2 protein chains.
Amino acid sequence: MSKPSIAKGTRDFLPSEVIKRNYIFDHIKEVFKTYGYLPIETPAIELLQTLTGKYGDEGDKLLFKILNNGDYLAKANPEALANKDSNAMLSSISRRGLRYDLTVPLARYVSMHQNDIQFPFKRYAIQPVWRADRPQKGRYQEFYQCDADMVGSESLMYEAELLQILDTVYNRLGIDVIIKLNNRKILQGIAEVAGQSDSFIGITVAIDKLDKIGRDKVAEELINLGMDAQAADIILELIEIKEIETIATKLASSKMGMLGVAEMREVMDYMSDYTLNCKIEFDFTLARGLSYYTGCIIEVVADTTTYPDLRMGSISGGGRYADLTSMFGLKDMSGVGVSFGAERIYDVMEECNLFPESVTKSIDIFFVSFDDVSHRYAYKQVSALRAAGISADLYPEAAKMKKQMKYAHGTGAPYVAIIGSDEVDAGIIAVKEMNTGDQGNYSLTELIEKLTS
Amino acid sequence: MSKPSIAKGTRDFLPSEVIKRNYIFDHIKEVFKTYGYLPIETPAIELLQTLTGKYGDEGDKLLFKILNNGDYLAKANPEALANKDSNAMLSSISRRGLRYDLTVPLARYVSMHQNDIQFPFKRYAIQPVWRADRPQKGRYQEFYQCDADMVGSESLMYEAELLQILDTVYNRLGIDVIIKLNNRKILQGIAEVAGQSDSFIGITVAIDKLDKIGRDKVAEELINLGMDAQAADIILELIEIKEIETIATKLASSKMGMLGVAEMREVMDYMSDYTLNCKIEFDFTLARGLSYYTGCIIEVVADTTTYPDLRMGSISGGGRYADLTSMFGLKDMSGVGVSFGAERIYDVMEECNLFPESVTKSIDIFFVSFDDVSHRYAYKQVSALRAAGISADLYPEAAKMKKQMKYAHGTGAPYVAIIGSDEVDAGIIAVKEMNTGDQGNYSLTELIEKLTS
């Protein structure tokens, strides 16, 4: 006998949790489809040569590696074995690992299947990924990512499209959000105007911390990069601007900056006829993902005006990457994508009570019965309801009524049918509405009508 | 640059393949739900202590093992390391593996969460599993299983229910199938009547090969078990009986055999009012899974009367297991379940051309445009269509018409809208129906109506 236990950092999901998670996934999928994004699937297991070196040294450490099958030590690097050198031995005993995100597999997929697909290629994927992070509250080693990406066009139409997707999904899920927008080229313009183009990466690292460490500490970090207090001030003033037309006047002298402004204007122009449900804000302090994003940068947070007690980071993010697939030999493929943080969206919806009540209903009607004859009668009614597409169930035998009713309650069914010899004789179904306590008798046909209407 | 490649035995799925696979999964899920089965999910990564020893020695070898993170050699068994003994070293460098099936995780889940769920517990799961089998045509190392199981009741109602599920799913998918039914107790009765109860397992191993090696070879194998030719003949005659009432007369002297007959009768009695779409056959040669099945045994094959050219093994299977969870310490939990072989169902539907044409349609309408102004106009129409729930897309710029039309064809969209300055000026949308070549002009409202009706 094994004691039943589960690997650290992994989770089982109860039916109610799966149903709620699928509620989120289904809404996202529906919107992706409406926007012409197509589903692809890649395997959980990838060659380590595909994964290694794509996520930095830290990422390489967090990859789950699969031991080669069979007598894996037969081909183990003898020197590494003698020295007990785990790193040096790795490639000789493990050739495969688990997917770490959906982006590198997408790049591999697009490169491998470039002759089977047409560009611009619009795909979505909703699949689990694995990271050997130290498990902690809200952080798991196995979790879902939920991405839509376009590969193969520089058109800013796709930025607009993805913003509308974000807006539509959150509107349908009933979450008030703020979509924050920035552009790497505007950040480059800001660095240029402050005369600090050479410190661009350092500047973005510093301003990315603004939320956490505050203005004064960021100023300090900027000065530590080698600039004077005045230059740091210029940067801090510029990034706190909230209007695109204001930043346009400030960046007039920077060609790169004005390119960024022009991109932002074009994205907004595409959306000019679209009625937004949420707020879109320009936020030039937004400096995430700048190791890969080359244009637009997107981040979505729950609106704290609506949810003042909520403590939650970004729930979606995305951006434009000029060159996704050259790591696999396919050049000049500009892409843009967004990723929905499904796990965090779930937490927000739970905390703010945003799941509709109907989502937790697992079945429509549950049957209990008083004796064997009425049990068989009940089975036949249930069978007929199921054939009509109604989700119905019954207790497997005429057990004590209390036991059956307890089970019926446990299913969360809004209706319970109670069958005794009277119902069998009359050929009817006695139904109790659990919310109101109302009771009524129905023929099978009437009941099907009631439950499908 | 890495050469893009994929691990042996794994697959990428193109959008058209994912869409068809989801067509199968969605139909199965829908029926599972109607029958009151609830979704659960377990992690891909399980502790090896959960998996090892559950699938026989061969299964243990086929488990994918995950290397411990960090300096995994630090805690490696020194003796095994010195002897390069892969087996002896395993448990000291790998503590986790990948899910091998959905049944052992279900048993672990039910044991761990016995206080969070109610019994009878009816769950379905559709998740990938991993097996380090030698890859070959139609056999993959990563593939989906698709199971519905009930745990915690001995009621034969569930056998009936699962047979109806099989019947309903295959009917909705449009596949003609034969459901074959047997019962371990009937096989035991047959062995008893032949005076060969002691050779029961050997007998089932032999008759399981009837399809492959034929009657004479099976007779030989039976005789090799130590029985005489006459006993072998009795067994072979009995298993070839096709009627429950005939076997009932033959097994009258066997208490166990008659118990099996009674079970079969009760299952069929539950279904007496249900109108079957497919054929159900008693098949006492069916002897699969007898290391765990204790009652009913189910197997589904495509009906070769309908598909004479099809060469395909069973596409679903299942049965009753008296004791699923005691390996994890929870006693006396009888269960019954069925598993849909989704990969094979896909192959049958492809080979026999059973996917409806509409399933491959990825989007409803695609827009092409002649210049920048009409491109922007097109974007707005597409936006409005999407808001109305219609799947619409457009080329990202006013490229050459030939290029745009080629892309439009590639999407498989049944309608293509062609926008030039005339359409912009008149505020209309010119639409071509790709199948018929019919063209017409629509207002946005009219088009929404046409595409949603």
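Quick summary incoming for the structure in this document.

About the thresholds
Residues numbered from 1 in each chain as written. Chains lettered and ligands numbered in written order. Predicted model: local features only at pLDDT ≥ 70, side-chain atom pairs only at ≥ 80, totals over all residues. Heavy atoms only, no water. Pairing = 2+ DSSP bridges. Helix = DSSP H or I, 4+ residues; strand = E, 2+ residues; numbered from the N terminus. Axes fitted to C-alpha atoms, helices over the stretch in contact; angles between N-to-C directions. Contact = heavy atoms within 4.5 Å. Expected span 1.5 Å × (residues − 1). Buried < 20%, exposed > 50% of the residue type's maximum accessible area, 1.4 Å probe, protein only. Buried area = accessible area lost by both parts, 1.4 Å probe. Salt bridge = Lys/Arg side-chain N within 4 Å of Asp/Glu carboxyl O. Polar contact = N/O pair within 3.5 Å; in protein donor to acceptor, adjacent residues only side chain to side chain. Nonpolar A, V, L, I, M, F, W, Y, C, P; charged D, E, K, R; others polar. Patch = residues over 30% accessible without salt bridge, like charges linked within 9 Å, V, L, I, M, F, W, Y side chains within 5 Å. Areas by Shrake-Rupley, 256 points an atom, 1.4 Å probe, with all protein chains shown as cover. Lys, Arg positive; Asp, Glu negative; His and termini not counted. Charge placed at Lys NZ, Arg CZ, Asp CG, Glu CD. Least-squares fit on C-alpha atoms with pLDDT ≥ 70 in both. Parallel < 35°, antiparallel > 145°, perpendicular 65-115°, else oblique. Left-handed = near helix turned anticlockwise from the far one by under 90°. Phe/Tyr/Trp six-rings, centres within 6.5 Å; stacked < 30°, edge-to-face > 60°.

1. Describing the pairing of strand 15 (residues 429-433) of chain B
Two faces make up the sheet, and in a regular strand the side chains alternate between them.
Residue and element names in this part refer to chain B.
Link 1 in the chain: Alignment of strand 14 (residues 415-419) against strand 15, held across four bridges, turns out to be antiparallel. The partner of A417 across the bridge, within strand 15, is V431.
Link 2 in the chain: Of the pairings in the sheet, the one linking strand 15 to strand 16 (residues 439-442) comprises four bridges and is antiparallel in character. The residue of strand 16 that forms the bridge with K432 is Q439.
Link 3 in the chain: Linking two consecutive strands that pair antiparallel, namely strand 15 and strand 16, is a turn of five residues; a positive phi of about 85° is found at G437 within it.

2. Details of the sheet that holds strand 12 (residues 365-369) of chain A
Residue and element names in this part refer to chain A.
Link 1 in the chain: Judged by pairing direction, the sheet is mixed, and its five strands sit side by side in the order 13-12-14-15-16 without closing on themselves. Because the sheet does not close on itself, it has two edges, and the strands there are strand 13 (392-394) and strand 16 (439-442). Neighbour to neighbour, the strand axes of the sheet diverge by 30° on average, direction disregarded.
Link 2 in the chain: Here strand 12 runs beside strand 14 (residues 415-419); their pairing, made up of five bridges, is parallel. By the bridge assignment, F366 is partnered in strand 14 with V416.
Link 3 in the chain: Running over the sheet, helix 18 (residues 444-452) touches strand 12, strand 14, strand 15 (429-433) and strand 16 and is turned about 125° from strand 16.

3. Quick word on helix 15 (residues 372-387) of chain B
Residue and element names in this part refer to chain B.
Link 1 in the chain: Taking 1.5 Å of rise per residue, the 16 residues of helix 15 would be expected to cover 22 Å, and the 23 Å separating its terminal C-alpha atoms lies within 8% of that figure.
Link 2 in the chain: Taken residue by residue, helix 15 has S374, H375, Y377, A378, Y379, Q381, V382, S383, L385 and R386 as its buried positions.
Link 3 in the chain: Where helix 15 terminates, the next one or two residues include G389, which has phi positive at roughly 85°.

4. Focus on the interface of chain B and chain A
Link 1 in the chain: Contacts between the two partners involve 112 residues from chain B and, on the opposite side, 112 residues from chain A.
Link 2 in the chain: Both sides together, the interface formed by chain B and chain A hides about 9,100 Å², and carbon and sulfur atoms give 56% of it.
Link 3 in the chain: Summed over the shared surface of chain B and chain A, the result is 12 salt bridges.
Link 4 in the chain: Residue K380 of chain B pairs with D273 of chain A through a salt bridge whose shortest N-O separation is 3.9 Å.
Link 5 in the chain: The interface formed by chain B and chain A contains 56 residue pairs in polar contact (both at pLDDT 80 or more).
Link 6 in the chain: Tallying contributions element by element places helix 15 of chain B first for the side of chain B that touches chain A, with seven residues.
Link 7 in the chain: Each residue belonging to the side of chain B that touches chain A can be placed in one class, and the counts come to 56 nonpolar, 28 polar and 28 charged.

5. Here we look at helix 13 (residues 255-270) of chain A
Given 3.6 residues to a turn, an α-helix orients residues that are three or four positions apart in the same direction.
Link 1 in the chain: Between its first and last C-alpha atoms helix 13 of chain A spans 23 Å; for 16 residues at 1.5 Å apiece the expected length is 22 Å, and the two agree.
Link 2 in the chain: Those residues of helix 13 of chain A that fall on the buried side of the exposure criterion are G257, G260, V261, E263, M264, V267 and Y270 of chain A.

6. A look at a negative patch on the surface
Link 1 in the chain: A cluster of acidic residues, D26 and E30 of chain A together with D26 and E30 of chain B, forms a negative patch at the surface.
Link 2 in the chain: For the negative patch, the secondary structure elements donating two or more residues are helix 1 (15-34) of chain A together with helix 1 (15-34) of chain B.
Link 3 in the chain: Following the sequence through the fold, E30 of chain A ends up in helix 1.
Link 4 in the chain: A relative accessible area of 42% places E30 of chain A in the partly exposed class.

7. What to know about the relation of the copies chain B and chain A
Link 1 in the chain: Once turned by 180° and shifted 0.0 Å along the axis, chain B lies on chain A with an RMSD of 0.0 Å. Such values leave the two copies arranged in the relation of a two-fold axis. Closest approach to the rotation axis within chain B is made by the C-alpha atom of I66 of chain B, at a distance of 2.2 Å.
Link 2 in the chain: The overlap is high: 100% of the interface residues of chain B also sit at the interface in chain A, so the same surface is used on both sides.

8. Concerning the environment of D85 of chain B
Link 1 in the chain: The residue D85 of chain B is located in the loop between helix 4 (78-83) and helix 5 (86-93) in this model.
Link 2 in the chain: Every residue in contact with D85 of chain B, bar those within four places of it in the chain, is listed here: L73 of chain A together with A80 of chain B.
Link 3 in the chain: In this structure the side chain of D85 of chain B is engaged in a polar contact, spanning 3.1 Å, whose partner is the backbone nitrogen of A88 of chain B.

9. Focus on the sheet that holds strand 14 of chain B
Residue and element names in this part refer to chain B.
Link 1 in the chain: If you trace the five strands from one edge of the open sheet to the other, you get 13-12-14-15-16, paired in mixed fashion. Of all the strands in the sheet, just strand 13 (392-394) and strand 16 have a single pairing partner and so form its edges. If you compare each strand with its neighbour and ignore which way they point, the axes differ by 30° on average.
Link 2 in the chain: Against the sheet, helix 15 engages strand 12 (365-369), strand 13, strand 14 and strand 15, with an angle of about 165° to strand 13.
Link 3 in the chain: Contacts from helix 18 (residues 444-452) reach strand 12, strand 14, strand 15 and strand 16, with the element oriented near 125° to strand 16.

10. Focus: the packing of helix 10 (residues 210-224) of chain A against helix 11 (residues 229-239) of chain A
Helix packing geometry: the angle between the two helix axes and the distance between the axes.
Residue and element names in this part refer to chain A.
Link 1 in the chain: Orientation of helix 10 relative to helix 11, taken along the N-to-C sense of each, is 150°, at an axis distance of 7 Å. Classified by the angle their axes make, helix 10 and helix 11 are roughly antiparallel. With respect to the hand of their crossing, helix 10 and helix 11 are arranged in right-handed fashion. Each of L210, R215, V218, A219, L222 and I223 in helix 10 lies in contact with helix 11, whose residues at this interface are A229, A232, D233, I235, L236, E237 and I239.
Link 2 in the chain: Residue composition of the contact of helix 10 with helix 11, grouped by class: 10 nonpolar, no polar and three charged.

11. Here we look at the pattern of salt bridges
Link 1 in the chain: Inspection of the entire model under this criterion finds 48 salt bridges over all chains.
Link 2 in the chain: The salt bridge partner of R386 of chain B is E161 of chain A, with a shortest N-O separation of 3.1 Å. One end of the pair, R386 of chain B, is in helix 15; the other, E161 of chain A, is in helix 7 (residues 157-173), on a second chain.
Link 3 in the chain: Between E161 of chain B and K122 of chain B there is a salt bridge, with the nearest N and O atoms lying 2.9 Å from each other. Note that E161 of chain B is positioned in helix 7 (residues 157-173) and K122 of chain B in strand 5 (residues 121-130), a separation of 39 residues in sequence.

12. Concerning the packing of aromatic side chains
Link 1 in the chain: Taken as a whole, this structure holds 26 aromatic pairs over all chains when the rule is applied.
Link 2 in the chain: On the basis of an interplanar angle of 65° and a centroid distance of 5.0 Å, the ring pair of Y270 of chain A and Y379 of chain B is categorised as edge-to-face. With Y270 of chain A in helix 13 and Y379 of chain B in helix 15, this pair bridges two chains.
Link 3 in the chain: Here Y270 of chain A falls in the buried class, since its relative accessible area comes to 5%.
Link 4 in the chain: Residue Y379 of chain B is classed as buried on the basis of its relative accessible area of 1%.
Link 5 in the chain: Pairwise contacts between aromatic rings join F32, Y124, Y170 and F340 of chain A into one cluster.

None of the figures reported here should be taken as evidence of function without further support.
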